[in-house]
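Structural overview
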Amino acid sequence: MEDMVASSFWGPVTSTTEWCEKNYAHSPYIAEFYNTISNIPCIILAFVGLVNALRQRFEKRFSVLHLSNMVLAIGSMLFHATLQQVQQQSDETPMVWEMLLYLYVLYSPDWHYRSTMPTFLFIYGVAFAIFHSLVRFSLGFKVHYVLLCLLCIPRVYKYYMHTKELPAKQLAHLYVATIGFGSLCWLLDRTLCKEIATWFINPQGHALWHLFMSFNSYFANTFLMFCRAQQLGWSPQVCYFLGLLPYVKINKPKTH
């Protein structure tokens, strides 16, 4: 009896989604071990980006963006550790909030009425959170999230075309590559789970999705910081921490 209780510390699964990882295989307190710990890189990378944004006094929107990445990763850890419906909302609701932040960062520089966009996005985010807490809509959530992502593409493409610096374009290339490989891992984990379950080693496709998307978010934020600094005339440069991790260094004009 004790073994049965220990093997399902959080109780029966109540989430609408489970992934291709055996539950409670490595810890009696973590339902999906690899899917949980694979969010740690996102927290670390978001913290690095946050420190850089604060240290160089970027606009507050970028600090909030990095913080939203951290909140999303923590929510994802809670969801995969418990597989409970409430914790699933702590993963999915921040996903939508994060995309609303990206829409603001992307479109607000050319928005003529400054207060309308943040007000609308805030009300939309609150309304979604309330609705999502009352209604389960697994497929509808995925469609809604994809639509929000698609709304970002035209603006990202415009920034890419207007950016002449090769290091900044390389950030965009890394962004596309990581989301491509991550999506492939996500898709294979969802569609080939029965086959994967018979393999000697589970490649942990969803955990790899988390890893790729950790870097994807970091590259996206860094690229947007570069583009915004360019708009503001801050002479941005792409530098590399330890020769590996890119970050944006700016040189604000001195005010007299």
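Residues numbered from 1 in each chain as written. Predicted model: local features only at pLDDT ≥ 70, side-chain atom pairs only at ≥ 80, totals over all residues. Heavy atoms only, no water.

**Overview of a nonpolar patch on the surface**
On the surface, Phe122, Ile123, Val126, Ile130, Phe131, Leu134 and Val135 cluster together to form a nonpolar patch covering roughly 700 Å² of accessible area. Within the secondary structure layout, Leu134 lies in helix H6 (residues 116-134). Residue classification places Leu134 among the exposed residues on the basis of a relative accessible area of 69%. (Patch = residues over 30% accessible without salt bridge, like charges linked within 9 Å, V, L, I, M, F, W, Y side chains within 5 Å. Areas by Shrake-Rupley, 256 points an atom, 1.4 Å probe, with all protein chains shown as cover. Salt bridge = Lys/Arg side-chain N within 4 Å of Asp/Glu carboxyl O. Helix = DSSP H or I, 4+ residues; strand = E, 2+ residues; numbered from the N terminus. Buried < 20%, exposed > 50% of the residue type's maximum accessible area, 1.4 Å probe, protein only.)

**Some points on the pairing of strand E1 (residues 237-241)**
As defined by bridge partners, E1 adjoins strand E2 (residues 245-249) across 5 bridges and the pair is classed as antiparallel. Bridge assignment links Cys239 to a residue of E2, and that residue is Tyr247. Counted between consecutive antiparallel strands, the loop separating E1 from E2 contains 3 residues, among which Leu242 sits at a positive phi close to 60°. (Pairing = 2+ DSSP bridges.)

**Some words on the state of the cysteines**
Using the criterion set out here, one finds 1 disulfide in the structure. The disulfide partner of Cys20 is Cys193, and the S-S distance across this bridge is 2.4 Å. The chirality of the disulfide connecting Cys20 with Cys193 is right-handed, given an S-S dihedral of about 95°. Here Cys20, found in the loop between helix H1 (2-7) and helix H2 (33-37), pairs with Cys193, found in helix H9 (residues 193-196); they are 173 residues apart in sequence, far enough to count as distant. According to the relative accessible area criterion, Cys20 is buried, its value standing at 7%. In this structure Cys227 is a free cysteine whose sulfur lies 14 Å from that of Cys152, the closest cysteine sulfur available. (Disulfide = S-S within 2.5 Å.)

Interpretation note: all reported values are geometric properties and have no functional meaning in isolation.
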